[in-house]
Amino acid sequence: MSADYVVNGSVAVITLNNPPVNGLGLATRTAAVEGLRRAQADAAVTAIVIVGAGKAFSGGADIKEFNSPKALAEPSLHTLIRVVEESHKPTIAAIHSVCMGGGLELALGCNYRVALRGAQIALPEVKLGLLPGAGGTQRLPRLVGLEMAINMIVSGTPVLSENLAKTALFDDVFDEGAQSSADLLACALTFAGKVAAIRPLPKVRERKVDYPNHEAFLQFTRNTVKAMSGPFPAPLECVDTVAASVTRTFDDGLKFERERFFHLIQTPESKSLRHAFFAERLASKVPDVPADTPTRAIRQAAIIGAGTMGGGIAMNFVNAGIPVVLLETQQEALDKGIATIRKNYENTMKKGKLTQEKFDQRIGLIRGTLSYDDIAQADIVVEAVFEDMNVKETVFRQLDAVMKPGAILASNTSTLDVDQIAGFTSRPQDVVGTHFFSPANVMKLLEIVRGKATSKDVLATTLALSKKLKKTGVVSGVCDGFIGNRMIEQYSRQAGFLLEEGCLPEQVDAAVEKFGFAMGPFRMGDLAGNDIGWYIRKRRYLERPEIVYSKTADLLCEMGRFGQKTGAGWYDYKPGDRKAYANPAVNQMIVEHSANIGVERRTVSDQEIVERLVYSLVNEGARILDEGIAMRASDIDMVYLTGYGFPLFRGGPMFYADTVGLFNVLMAMEKYAKGRHGDAWAPAPLLVRLAAEGKGFNS
Ligand code: NAI
């Protein structure tokens, strides 16, 4: 049973008991309905209290049962709420800590609700592209009013119980002395004694939502929400459904809610959000590294190199309260690095997002040094020096000589072989790749590169650290570019070929941004610095001459146009303005280059641009999956959603390919294989196999 039943005096107490947050799975619902029936049948019972065991009242649906037939099996959440609502004896929800989604909808079905201060109250379904489907949209406005209900349901953001104490949602919010769930139960029992005899029982469904001139308000709200919700349909559907609480009868409103819920659950946007929700949870699980693998304590960190990445990485540690020592070879570089960090925090303070006290605290956690002796006691050291194997070798040999035993030696390399780097030390088991993304203090992604010798506890520690730093950690095996950059290379190659065949940067960027990417490839190149790719290509021309690239990006760099940092890249930039302005000389260079290589320029459709860029990611992603570099397709999606601005409403490249159908993806690739550089479209064997079997990457 996952709900317990006891009778305390004359009050029946049903305790939801399904750790960790009392998700309303089938067993919990069944046990709760059973408890309610027993209470009805027992003449000695005069009132019924529903509470949650442990850490929560209820977090809502049981995510373990998502997408399983159990989620809708009877007794469904609707049935449970109906049984509560039809009770002849007063029902009281006693709420602490967390009361969300279906948990709140259950509480809304009760005659009374009491809560401890500090309980988080929310209907967060919108975050999964849905709306509350068990009466929440109709009952909540009847208790907190139309405006508050729309705010809560459209944003999905939790509100503290004490901030709702004045609404009809709560009959009492206990603060004086009541702190634990045991105190809550005692208060709830007293409350139950007071209301046990009151008849008729108050029913939420019988209340009215009064809002003068509601039509004007609802129209205004629709306009605002529509403008804010981009491609996602759920927020506007939430408004329309809550509106039904004013414009329709309760039963009609419920029917409407159900209909809109089932509509939303089928939308690609909701499917993508749910995919991303589960993908994020899965990413932190490594099959051969069990959840109880011991981790190493990280109390102090060191960063080698105070450049673009080193500074941002240091900020991550400091933001998490971990002191950092930054090491450079020259005082000047060190001063510059620390000044940049200071400036970043000052800007945050100017925006009102950081107090002076927090600023002082954070700056106080950063220390600079030129000596390796000062970092020897750090629990983790992250190397972020130049992307050059010789420099990495010097650094790692030194780290091996000075760092205390058990320290984690991490490299932020974006392309180099982590196994080779580990080989510069006598402790390869302690070496791991931590590939942060630029700007490192902002981007959510942390690619964790598992070398062949990386020990399980180092991996477990790095995964735990990623959570502490508020990053999405995704594990990658060792290969050139790991998951993200290896795939982006194919994407960038296609972008270059498109320029040769007839596109200009603004057309490519516009097409991809219309598809939903945060930034097209050329604006992204300008942001990251075109010289970085140039440097990598120069290495590849020597190491792997068989790979063909468009020369346009090299020609651009030869013009000294490295991107935003030089005020000029594929586009022009004005000081203090991140907007990209087309540059006639660059466009002329592109057109002339086509003529020089004998390519007749043609009109390329936006569809071709998007397909070539996105399917090149998918094809390389399939290889990465097949080779075991990524553990699962959803990990690749997480990399692209959190590190490369892939549109969330499309769920990531692999999920998107599943949505299109792998057979269709393959057909398009066959078409492009007949064009220029057709060998770039050799299909990944896994893609061919799955398409033939009618399967997807994620199914
Ligand atoms: P950067 O050139 O801005 O900074 C490198 C810093 O390392 C410089 O301040 C330099 O003085 C210092 N340095 C060089 N040799 C050193 C040594 N032996 N000991 C101590 N300090 C030394 O480079 P950036 O962009 O920060 O890149 C650093 C690493 O991060 C590279 O491996 C790069 O591939 C990687 N990376 C870069 C990203 C980017 O977007 N810039 C993104 C992800 C990874």
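What counts as what
- Residues numbered from 1 in each chain as written.
- Predicted model: local features only at pLDDT ≥ 70, side-chain atom pairs only at ≥ 80, totals over all residues.
- Core = buried A, V, L, I, M, F, W, Y, C linked by C-beta atoms within 7 Å.
- Buried ≥ 20, exposed ≤ 12 C-beta atoms within 10 Å, placed from the backbone.
- Contact = placed C-beta atoms within 7 Å.
- Near = placed C-beta within 6 Å.
- Helix = DSSP H or I, 4+ residues; strand = E, 2+ residues; numbered from the N terminus.
- Nonpolar A, V, L, I, M, F, W, Y, C, P; charged D, E, K, R; others polar.
- Pairing = 2+ DSSP bridges.
- Axes fitted to C-alpha atoms, helices over the stretch in contact; angles between N-to-C directions.
- Expected span 1.5 Å × (residues − 1).
- Arc of directions from axis to C-beta.

J.: Go over the nonpolar core with me, naming the residues and quoting the values.
T.: Core analysis: the largest hydrophobic core is formed by 196 residues, its most contacted members being V49, I92, I153, I303, V324 and V381. Residues in contact with V49, not counting those within four places in the same chain, are V11, V13, I92, A94, A188, L189 and A192.

J.: Break down the site of the ligand for me, citing the residues and quoting the values.
T.: Around the ligand, the surrounding shell holds 26 residues, and the nearest of these are G305, G307, M309, E387 and S438. Mapped by element, the contributors of at least two residues to the shell around the ligand are α11 (308-319), α14 (389-402) and β15 (431-436). Tallied by class, residues from the shell around the ligand come to 13 nonpolar, 11 polar and 2 charged.

J.: So, the sheet that holds strand β17 (residues 472-476): which residues are in play, and what are the values?
T.: Spatial strand order, β12-β11-β10-β13-β14-β15-β16-β17: 8 strands in an open sheet with mixed pairing. Each having just a single partner strand, β12 (366-369) and β17 make up the two edges of the open sheet. In this sheet, adjacent strand axes meet at a mean angle of 25° when their direction is disregarded. Where strand β16 (residues 445-449) lies against β17, 5 bridges are found, and the strand directions are parallel. Within the sheet, the bridge partner assigned to I448 lies in β17 and is V475.

J.: Please set out helix α1 (residues 26-41) residue by residue, giving values where relevant.
T.: Look at α1: 23 Å from first C-alpha to last across 16 residues, which is about the 22 Å you get at 1.5 Å a residue. Where α1 is concerned, the buried positions are T28, R29, A31, A32, G35, L36 and A39. Seen along its axis, α1 keeps its buried residues to an arc of 165°; they face one direction. Looking at the buried positions of α1, the neighbouring elements they touch are β1 (3-8), β2 (11-16), β3 (47-52) and α2 (77-85).

J.: Would you mind going over the environment of V508 in detail, with residue names and values included?
T.: Summarising the element assignment, V508 is placed in helix α18 (residues 505-515). Taking the number of C-beta atoms within 10 Å as the measure of exposure, V508 has 26 and is therefore buried. Remark: the alpha-carbon pair of V508 and I609, spanning 101 residues in sequence, is separated by 6.5 Å.

J.: Please give an account of the environment of R199 that cites residues and values.
T.: Note on placement: R199 falls in the loop between α6 (181-195) and α7 (214-228). Here R199 falls in the exposed class, since 7 other C-beta atoms lie within 10 Å of it. Between the C-alpha atoms of R199 and H88, which are 111 residues apart in sequence, the distance is 9.8 Å.

So, to be careful, I would describe these as geometric facts and stop short of saying anything about function.
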